[in-house]
Amino acid sequence: MVPTASSESAISWAGVTPPKRLSDYRPFPFSIPRIELNVVVHQPDSVLVTADLHLEPSDSKAATPLILRGVDLELISILLDGHPLESSSYLLNDEQLEIPSPPTQPFTLTTVSRLDPQANTSLEGLYESGGMLTTQCEAEGFRRITFHPDRPDVLSRYRVRIEADRARFPVLLSNGNEISASALADDASRHEVVWEDPFPKPSYLFALVAGDLREIKDHYSTASGRDVTLRLHVEAGDEPFTAHAMASLKRSMAWDESVYGLEYDLDEFNTVAVRHFNMGAMENKSLNIFNSKLVLADAESATDGELERIESVVGHEYFHNWSGNRITCRDWFQLSLKEGLTVFRDQCFTADLHSEPLKRIEDAAMLRNTQFREDSGPTAHPVKPDSYQAIDNFYTTTIYEKGAELIRMLRTLLGPERFMRGMSLYFKRHDGEAATTEDFVNAIVDGAGADGQPLGFDVEQFRLWYHQAGTPHVTVKSHWDGEAGRLSLTLQQSTPPTPGQERKQPLVIPVLWSVLQANEGAGEERLFVLDQETQTVVLEGLSPAAQPPVVSLFRRFSAPVTWASGQALDDLFALFAGDNDAFARWDAGQQLWKRLILPRAAGTPESELESRMLDALGQLLAVDGEKDPAVLATLLAFPGPAELESLQKEADPPALERATCELRELLGSQLAPLLTSRLDGVASSLDQVWPAGQGERQLTGLIWSWLAAAGDSGARSDAAQAVEGPSMTLARAGLRALQPIDCDERDQALRSFHDRWQERPVIFDTWFSLEASTPRADALERVAALLDHPRYDPMAPNSVRAVLGGLVGNPRVFHALDGSGYQFMAEQIIAVDQRNAITASRLAKVFSRWRTYGSERQAAVKRALSTLASADLSTNTREVVTLMEA
Ligand code: TRP
Ligand code: ZN
């Protein structure tokens, strides 16, 4: 190995990797219009990759050093315009290949490298999964396949030849169109397939799959008449579980045409399901690769929630074809350009296909429990970070979901029509480019403003949302002049400090609001743009009355903020009973639940409020109450644990778990007759096929959990029976209802789930997760034993997350005061990090809330963190641990 002298060197010393900075961005000094790859699979542990990079220096006057990345590659040979390079003409180390003085005219660089996919446990680059070879290149995996700049602003046309044993690897796939397929002339046991992708793309969208896969084929005809062949590739035996994913793909294609006017642009679209995968799915051009749990599903083997999720992820990856692939990111600081936008698009897709208000509530609940938590802890970062060490650590809920919220706020501020004009301009203006989030905002406001009307907000100030981390908090004080019928609201915003960002500026916050007046119902919905630290909005002309009207705030969750309005309980109950905005209604209920659960967790139940809530619930549950079972189930669902923890002075997850169990018991016993009759009312709809019947199933599961907690033996046995039944939704609801209760039905249900699904790895991971999250005296030993279970696959992140994530979902065990849960987790993270840095560093974030715990737990986490810190960690995990210890 020859050490490099380059100033761009990324060599780490003493485990410290220098951060990459947005401000350091420079265009790559070469373009690479064409790349030819020849991938020859000799054995799964020996693949030879020959790459011809056709390079064009940007500066034809002076030689610029050429720096290519390369990791875990064995360089066999290197040629420049066909002539072997002398070893004195290049520098090679663990991370890069440098040619200090390459030609100043266009030239071709050829490298031949040997890879060992079988030894590659990182699930990045080219690796083996269940006998097939597959790739994952985002964000920086292409450098594990061949020497290349591996940055998203270098766009090339790829031609790929794959050669392999025909019997072992009958299916050979890459991006674009299949150009030819044939047996080798001199060896009929081997074959070759050539693929060509006409669209220039960044290296992170490259993909290749070689394996013995079964194909499910279908067609889609685009609006302009292009016939697209759709293929799903799965392992033998999995064919029966592909119909849902295929149908979802067709719905996605139709939706993007009808809503955005965007059509698919090639004749083929391939999707491959892979068991070993770090995340959900990947949008490689015309060759999407999916975690098999997001493909293989039917109503018997997947829950309603999973079916909806699969539909949305299939949509998400498909929508990336325009938002991500046709227009990609200039650099990884722009990640939200494609991810925030594509999440926004998939959210709208699900809303259009199902229920817009319920989808909004789902997304708001998710944001509050994941993104708000991230925003208030040591790994908080802006939607557009300005530095990072490992980009893999930035595939976060802030980049994805908060990024989507920023786009949604633009739509709220501009109105849907003007917003869509901006979107059209974006897709037209930047097609074929690697763009920035500034380009995006410019296109939106240019397109929207083309009508000559004022935008209605300050764009420069709006951009702060991309740079400022932390969740803004808004306090609202109202003043009512009952004689004049005048309501004034004074809103005040502030954003708490986050690591590296002490002082914050006021943001542009769209506030959708309305008033409900006694006997007059809901008034019209208004938009108030809060853009100062403090502002007052006055509404005149309301009917004079002694009682102030009820204010409905942040309707449709119009901004990703928290707020406090000091609303009276009467107002919350009024909104909960009947606000005409589903989100605001649900949110009023969430505030009430919080005011019940938090005092219980502190050992001081609010019995008066509890009985008022029981009355309100009684009205909702009555026959003339809330008719829609999905709405009802949504209103009855408690706030998530992360949200509740954030409201405690000292976060105490076991106390919260205890409080919710007690509350379910109370509700189940006090409301038993109404709950039972609601159960009977929906019973005949339970076997309808998704999406029909999902509200009924959701409500059934919720009622089971309340009744089972209250000791209702009928509900317990129905819940246990469901595990044997035809609906996975009900099976899982039954298991969830029984899980907190130490009873025979629970053990019997877990056993029958185990026996029924042990041959289906994707489903069996659920059993691992259930086992790990079941509260039992010997739970930690049982979790440890799961890691030795014959069906546990340490190489499959799904299994790892099922067990270790399950443990985190078991508060009394994970948060045991003696620190045993934390210590166990730290040791497991170290072990996972040895083979898979991406999965390990994501797991390490389970400790991110530690400074909010009581002192005993803080001390225990501190010990676990120092165990982690003293291990030999990957850059990824080191970055997370360092932030958490800071
Ligand atoms: N871009 C993918 C998405 O659609 C996610 C992704 C990023 C990913 N890096 C990955 C998937 C690594 C698998 C492995 O959101
Ligand atoms: Zn994505």
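Refer to the structure presented above.
Here's what I pulled together on the structure shown here. (Residues numbered from 1 in each chain as written. Chains lettered and ligands numbered in written order. Predicted model: local features only at pLDDT ≥ 70, side-chain atom pairs only at ≥ 80, totals over all residues. Heavy atoms only, no water.)

Attention now goes to the overall build of the chain. For the chain, the helix and strand inventory stands at 28 helices and 32 strands. Its C-alpha radius of gyration of 28 Å places the chain within 12% of the 29 Å reference for a compact globule of 886 residues. In the chain, which comprises 886 residues, the share counted as buried stands at 60%. Taking contacts inside the chain between residues at least 6 apart in sequence as the whole, the part at least 24 apart equals 71%. Counting only carbon and sulfur atoms, one obtains 50% of the accessible surface of the chain, whose full area is about 33,900 Å². Between the mean site of the 83 positive side-chain charges and the mean site of the 125 negative ones, the chain shows a separation of 2 Å. (Helix = DSSP H or I, 4+ residues; strand = E, 2+ residues; numbered from the N terminus. Rg over C-alpha atoms; globule rule 2.2 N^0.38 Å. Buried < 20%, exposed > 50% of the residue type's maximum accessible area, 1.4 Å probe, protein only. Contact = heavy atoms within 4.5 Å. Areas by Shrake-Rupley, 256 points an atom, 1.4 Å probe, with all protein chains shown as cover. Lys, Arg positive; Asp, Glu negative; His and termini not counted. Charge placed at Lys NZ, Arg CZ, Asp CG, Glu CD.)

This next bit is on the sheet that holds strand E8 (residues 96-99). In spatial order, the strands read E4-E8-E7; together these three strands make up an open sheet with antiparallel pairing. Each edge of the open sheet is held by one strand with a lone partner, namely strand E4 (66-69) and strand E7 (91-92). Taken together, the two bridges between E7 and E8 define a ladder with antiparallel strand orientation. Directly across from Leu92, in E8, lies its bridge partner Leu97. (Pairing = 2+ DSSP bridges.)

Attention now moves to unusual backbone geometry. Cis rather than trans, the peptide bond between Glu138 and Ala139 has omega equal to 0°. Mapping Ala139 onto the fold places it in the loop between strand E11 (132-136) and strand E12 (156-165). Here the residue pair Trp690 and Pro691 is connected by a cis peptide bond, since its omega of 5° sits within 30 degrees of zero. Along the chain, Pro691 falls in the loop between helix H16 (672-683) and helix H17 (694-709). Even without being a glycine, Ser286 presents a positive backbone phi close to 60°.

It is worth spelling out the site of ligand 1 at this point. The full set close to ligand 1 counts 14 residues, and Glu138, Glu283, Glu317, Glu339 and Tyr400 are the nearest of them. Here an oxygen atom of ligand 1 sits 3.3 Å away from a polar atom, N or O, in the side chain of His316. Measuring from an oxygen atom of ligand 1, one finds a side-chain N or O atom of Glu317 at 2.8 Å. In isolation ligand 1 exposes 370 Å². Once the protein is present, 96% of that is buried. (Near = heavy atom within 4 Å. Polar contact = N/O pair within 3.5 Å; in protein donor to acceptor, adjacent residues only side chain to side chain.)

This brings us to the pattern of salt bridges. Under the defined criterion, the tally for this structure stands at 60 salt bridges. Arg151 serves as the salt-bridge partner of Asp153, at 2.8 Å between the closest nitrogen and oxygen. On the basis of relative accessible area, Asp153 is assigned to the buried category, the value being 18%. Measuring nitrogen to oxygen at the nearest pair gives 3.6 Å for the salt bridge that ties Asp742 to Arg746. By relative accessible area, which is 4% here, Arg746 ends up buried. Each of the salt bridges in this network shares a partner with another, and the network as a whole consists of Asp742, Arg746, Asp747, Glu771, Arg776 and Arg782. (Salt bridge = Lys/Arg side-chain N within 4 Å of Asp/Glu carboxyl O.)

A separate point is the state of the cysteines. Evaluated as defined, the whole model comprises zero disulfides. No disulfide involves Cys348; its nearest neighbouring cysteine sulfur is the one of Cys329, lying 19 Å away. Lacking any disulfide linkage, Cys743 is separated from the closest cysteine sulfur, that of Cys661, by 12 Å. (Disulfide = S-S within 2.5 Å.)

Here the focus is the pairing of strand E21 (residues 287-291). When you tally the buried positions in E21, you get five out of five residues, the bulk of the element. Note: strand E19 (residues 268-274) against E21, five bridges, orientation parallel. Each residue of the ladder has a partner; that of Thr271, found in E21, is Asn288. Relative to E21, strand E20 (residues 281-282) is paired through two bridges, and the arrangement is antiparallel. Bridging across to E21, Ala281 finds its partner in Phe290. Count of turn residues in the E20/E21 antiparallel hairpin: four residues, of which Ser286 carries a positive phi of about 60°.

With that out of the way, let us pick up the packing of helix H22 (residues 779-786) against helix H25 (residues 820-835). Following both chains from N to C, one finds H22 and H25 inclined at 15°, their axes separated by 11 Å at the closest point. As summarised for this structure, H22 and H25 are arranged roughly parallel, according to the angle between their axes. The two elements H22 and H25 cross, and the hand of that crossing is right-handed. When H22 is examined against H25, the residues Leu780, Val783 and Ala784 are found in contact with a partner set consisting of Ser820, Gly821 and Phe824. Considering only residue class, the contact of H22 with H25 consists of four nonpolar, two polar and no charged. (Axes fitted to C-alpha atoms, helices over the stretch in contact; angles between N-to-C directions. Parallel < 35°, antiparallel > 145°, perpendicular 65-115°, else oblique. Left-handed = near helix turned anticlockwise from the far one by under 90°. Nonpolar A, V, L, I, M, F, W, Y, C, P; charged D, E, K, R; others polar.)

Taken together, the protein donors to the zinc ion (ligand 2) comprise His316 (NE2), His320 (NE2), Glu339 (OE) and Glu339 (OE), at separations of 1.9 to 2.8 Å. The site at the zinc ion (ligand 2) holds six donor atoms, and with the angles between them running 49 to 159°, its shape is irregular. Each donor residue of the zinc ion (ligand 2) belongs to the same chain, with the gaps between them written as H-x3-H-x18-E. Taking relative accessible area as the criterion, His320 reaches 0% and is therefore assigned buried. (Donors = N, O, S within 2.8 Å, 3.2 Å for Na, K, Ca; no water. Tetrahedral: all angles 85-135°; square planar, octahedral: opposite > 155°, others 65-115°.)

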